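Here is what each chain is made of, one letter per residue.
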Number of protein chains: 2
Amino acid sequence: MSSIKGKGHCRSCAIRQMSIFAQLPEAALVEIQHFQPSIIHFSANETVYHQGEAASCAYTLRQGLVRLVKTLPNGRTQIVRLIRAGDSFGFDGFIGEPYNHSAIPLCEIEVCRLPLAELLALKRQHPEIENAMMKRWIQHLREAEDMMLELGAKKASERLASFLIRWCEPVGLNGWIELPLSRSEIGELLGLTIETVSRFISDWKRQGWIEERQGRIHLLDTKQLQALACVDD
Amino acid sequence: MSSIKGKGHCRSCAIRQMSIFAQLPEAALVEIQHFQPSIIHFSANETVYHQGEAASCAYTLRQGLVRLVKTLPNGRTQIVRLIRAGDSFGFDGFIGEPYNHSAIPLCEIEVCRLPLAELLALKRQHPEIENAMMKRWIQHLREAEDMMLELGAKKASERLASFLIRWCEPVGLNGWIELPLSRSEIGELLGLTIETVSRFISDWKRQGWIEERQGRIHLLDTKQLQALACVDD
DNA sequence: CGCAATTTTGACCTGTTTCAAGCCAGGTGG
DNA sequence: CCACCTGGCTTGAAACAGGTCAAAATTGCG
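Residues numbered from 1 in each chain as written. Chains lettered and ligands numbered in written order. Predicted model: local features only at pLDDT ≥ 70, side-chain atom pairs only at ≥ 80, totals over all residues. Heavy atoms only, no water.

### Comments concerning the pairing of strand β3 (residues 57-63) of chain A
All names here are of chain A.
Part 1 of the reasoning: For β3, the tally of buried residues reaches 6 of 7 residues, placing the bulk of the element in the interior.
Part 2 of the reasoning: Where β3 meets strand β8 (residues 109-115), 6 bridges bridge the pair, whose relative direction is antiparallel. Residue Thr60 lies in a different strand from β8, and its bridge partner there is Cys112.
Part 3 of the reasoning: With 2 bridges connecting them, β3 and strand β6 (residues 88-89) associate as antiparallel partners. Bridging from a neighbouring strand, Thr60 pairs with Ser88 of β6. (Buried < 20%, exposed > 50% of the residue type's maximum accessible area, 1.4 Å probe, protein only. Helix = DSSP H or I, 4+ residues; strand = E, 2+ residues; numbered from the N terminus. Pairing = 2+ DSSP bridges.)

### A closer look at the domain arrangement of chain A
Much of the literature gives interface size as the accessible area that the parts lose upon coming together.
Residue and element names in this part refer to chain A.
Part 1 of the reasoning: For chain A, the domain assignment lists domain 1 (3-151) and domain 2 (154-229).
Part 2 of the reasoning: Here domain 1 and domain 2 have C-alpha centroids that lie 27 Å from each other.
Part 3 of the reasoning: Taken together, the contact between domain 1 and domain 2 spans 13 residues of the former and 13 residues of the latter.
Part 4 of the reasoning: Roughly 1,300 Å² of surface becomes buried between domain 1 and domain 2 when both sides are summed, with 56% attributable to carbon and sulfur atoms.
Part 5 of the reasoning: Inspection of the region where domain 1 meets domain 2 yields 3 salt bridges.
Part 6 of the reasoning: Arg67 serves as the salt-bridge partner of Glu185, at 3.7 Å between the closest nitrogen and oxygen. (Domains from an automatic or database assignment. Contact = heavy atoms within 4.5 Å. Buried area = accessible area lost by both parts, 1.4 Å probe. Salt bridge = Lys/Arg side-chain N within 4 Å of Asp/Glu carboxyl O.)

### Describing the protein's contact with DNA strand C
Part 1 of the reasoning: In the vicinity of DNA strand C, 17 residues are found, and the nearest of them are A:Arg183, A:Ser198, B:Ala156, B:Thr196 and B:Arg199.
Part 2 of the reasoning: The sugar and phosphate moieties of DNA strand C supply 63% of its atoms located within 4 Å of the protein.
Part 3 of the reasoning: A:Arg183 places a side-chain nitrogen or oxygen 2.7 Å from a phosphate oxygen of DNA strand C.
Part 4 of the reasoning: The separation between a base nitrogen of DNA strand C and a polar side-chain atom of B:Glu195 is 3.2 Å. (Near = heavy atom within 4 Å. Polar contact = N/O pair within 3.5 Å; in protein donor to acceptor, adjacent residues only side chain to side chain.)

### Regarding unusual backbone geometry
Residues and elements named next belong to chain B.
Part 1 of the reasoning: Of note in the backbone geometry, Asn45 takes a positive phi value of approximately 65° without being a glycine.
Part 2 of the reasoning: Turning to its location among the elements, Asn45 is positioned in the loop between β2 (38-42) and β3 (57-63).
Part 3 of the reasoning: For Gln214, which is not a glycine, the phi torsion comes out positive at approximately 50°.
Part 4 of the reasoning: Tracing the sequence through the fold places Gln214 in the loop between β10 (210-213) and β11 (216-219).
Part 5 of the reasoning: For Gln214, a relative accessible area of 73% corresponds to the exposed category.

### A short note on helix α7 (residues 222-229) of chain A
Residue and element names in this part refer to chain A.
Part 1 of the reasoning: Restricting attention to buried positions, one finds in α7 the residues Thr222, Leu225 and Ala229. Along the axis of α7, the buried positions cluster into a sector of 60°, meaning they face one direction only. Away from its buried face by more than 90 degrees, α7 exposes Lys223 and Ala227.
Part 2 of the reasoning: Lining the buried residues of α7 we find α4 (156-168), α6 (194-207), β10 (210-213) and β11 (216-219).
Part 3 of the reasoning: The positive-phi residue at the C-terminal boundary of α7 is Cys230, with phi of around 60°. (Arc of directions from axis to C-beta.)

### What about the sheet that holds strand β4 (residues 65-71) of chain A?
Part 1 of the reasoning: The strand order across the open sheet built from 3 strands is β5-β4-β7 (chain A), with neighbouring strands paired in antiparallel fashion. Looking at which strands have only one partner, the edges of the open sheet turn out to be β5 (77-84) and β7 (102-105) of chain A. Between one strand axis and the next, the sheet turns by 30° as a mean value, whatever way the strands run.
Part 2 of the reasoning: Where β4(A) and β5(A) come together, 7 bridges link them in antiparallel fashion. For A:Val69, the partnering residue across the bridge sits in β5(A) and is A:Ile79.
Part 3 of the reasoning: Packing against the sheet, helix α3 (residues 127-153) of chain B makes contact with β4 and β5 of chain A, and its axis sits at approximately 130° to β5(A). (Axes fitted to C-alpha atoms, helices over the stretch in contact; angles between N-to-C directions.)

### So, the sheet that holds β11(B)
Residues and elements named next belong to chain B.
Part 1 of the reasoning: The 3 strands are arranged β9-β11-β10 in an open sheet whose pairing can be described as antiparallel. At either margin of the open sheet sits one strand with a lone partner, and together these are β9 (176-178) and β10. The average undirected angle you get between the axes of adjacent strands in this sheet is 25°.
Part 2 of the reasoning: The sheet contact formed by β9 and β11 spans 3 bridges and is antiparallel. When the sheet's bridge partners are listed, Glu178 is paired in β11 with Arg216.
Part 3 of the reasoning: On the sheet, helix α4 (residues 156-168) packs against β9, β10 and β11 and is oriented at approximately 100° with respect to β11.

### A look at the interface of chain A and chain B
Part 1 of the reasoning: In this assembly, 49 residues from chain A lie in contact with 48 residues from chain B.
Part 2 of the reasoning: Summing the contributions of chain A and of chain B, the shared interface buries around 4,400 Å²; its carbon and sulfur component is 62%.
Part 3 of the reasoning: Three residues, A:Arg142, A:Glu145 and A:Met148, lead the burial of chain A against chain B; their summed loss comes to 15% of the area buried on that side.
Part 4 of the reasoning: Taken together, the connections running from chain A to chain B amount to 8 salt bridges.
Part 5 of the reasoning: As a salt-bridge pair, A:Lys70 and B:Asp146 come within 2.8 Å of each other at their nearest N and O atoms.

### Here we look at the relation of the copies chain A and chain B
Part 1 of the reasoning: For the pair chain A and chain B, the best superposition has an RMSD of 0.0 Å and corresponds to a rotation of 180° with a translation of 0.0 Å parallel to the axis. What the rotation and shift describe, once combined, is the action of a two-fold rotation axis. (Least-squares fit on C-alpha atoms with pLDDT ≥ 70 in both.)

### A closer look at the packing of aromatic side chains
Residues and elements named next belong to chain A.
Part 1 of the reasoning: In the structure shown here, the tally under the stated rule is 20 aromatic pairs over all chains.
Part 2 of the reasoning: Seen in terms of ring centroids, Phe94 and Trp137 are 6.4 Å apart; in terms of plane orientation they differ by 80°. Their pairing is edge-to-face. Residue Phe94 is located in the loop between β6 and β7, and its partner Trp137 is located in helix α3 (residues 127-153); the two are separated by 43 residues in the primary sequence. Grouping residues by exposure puts Phe94 and Trp137 together as buried.
Part 3 of the reasoning: Joined through ring pairs, the aromatic side chains of Tyr49, Tyr59, Phe89 and Tyr99 make up one cluster.
Part 4 of the reasoning: Looking at Arg84, its charged tip hangs above the ring of Trp167, at a distance of 4.7 Å from the centre. (Phe/Tyr/Trp six-rings, centres within 6.5 Å; stacked < 30°, edge-to-face > 60°. Lys NZ or Arg CZ within 6 Å of the ring centre and 35° of its normal.)

Right, here's the structure in full:
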């Protein structure tokens, strides 16, 4: 079950530097002490909010990984974005619309729940917040465009190679990194079946281009993957 | 060739009501008279800006239709958004990034070119502009998510039916409406080949579900199309 | 150890692309 | 005014990528 762990305080927040409140000056942090969003824990697959629900809060992810998923009436699904610590999501209420997707944790997570009304007021008063939110929306729009290119113009192996390269970027392309997505979740993200994902990964392991141990992955031959991936620009 | 037609004046702009300046009070319009963006004409397929170019201006479309296209190094392309009159595009410069896509007119167009530096200043001074831009970004993000679902989770016929229904919505689903996209442009948008698009459209014409004359289209049996489309919610 | 869940693999099938003609409408020039 | 050309659209046949279904292998876990 989800559990409220108490109230958050921006002043002492460990991940504030990664959030939309990063640029707020110390003075402002004192000033907005009345703003105490709830800190909430969710376990894996325990939905934070459902597609279609009225959107009265946005969320900032403090720990873990969340997938934003859209579902078709016939049950087919598509992951439209992965959320990492520091990222915020669920702003549909700002335009008076219900949530456009469901938010489902990939593992145990901790979020900071931000009532939109209060957030709106803060945003008005502090241009730094305003600005940070704007930048993130534009960035997300760019990422969404990139993803549409992946889904619309690339083949299975190209999408998968490109995904692995992007995923491993933080470790410079030659270290081990956690891959907390199951085969079927990778499939949901890339518009492929679990079998297709598994086949290519197995094949590339046999080729010696990647290796995997206990949910961690390591790219050995990025040249080959890069070539497969149809990398843009 | 593109041609500059002069300077725009928000006060007398015919499409201001549809733009991000819609909510500005009359008083503000007088106040910002120094803001005179260029009005520019482009002919069909004459690129407004290229993917990768430094982004120093955003644009508001005054007339016509624009496609935002991403291109892979191997030449494959994907239309990531269609822009209609009143819509703005090309804000990548706000986060210091080059354009993430190319903007190419589908027909003769007229745009209002907004220098980002000036727009940023206006946005700071006038919360109405700020707010209107925010709403549009959120809306575009939602539409992008919808499109990812289309591309990732739907079959060819489902994508096409769903596209036609959305396109014809403005005329209440039983009038004639302009369809200024060629088969190959529809394909680029939906991640399909021109042949696949043509086959389904021809088939549905034979079934008597749609008709088409001189670039205009008319849905006769929306029930059937709706069923095909896997309509969400 | 033994069970359940996930992943892998194989065989087969289907939807979509690819390649190749043919068609049709609109525009041009003889 | 008509033959011709051009570009977009349609249609068919064959190839192929990826999906589906089913079974086996592996992994994680109590």
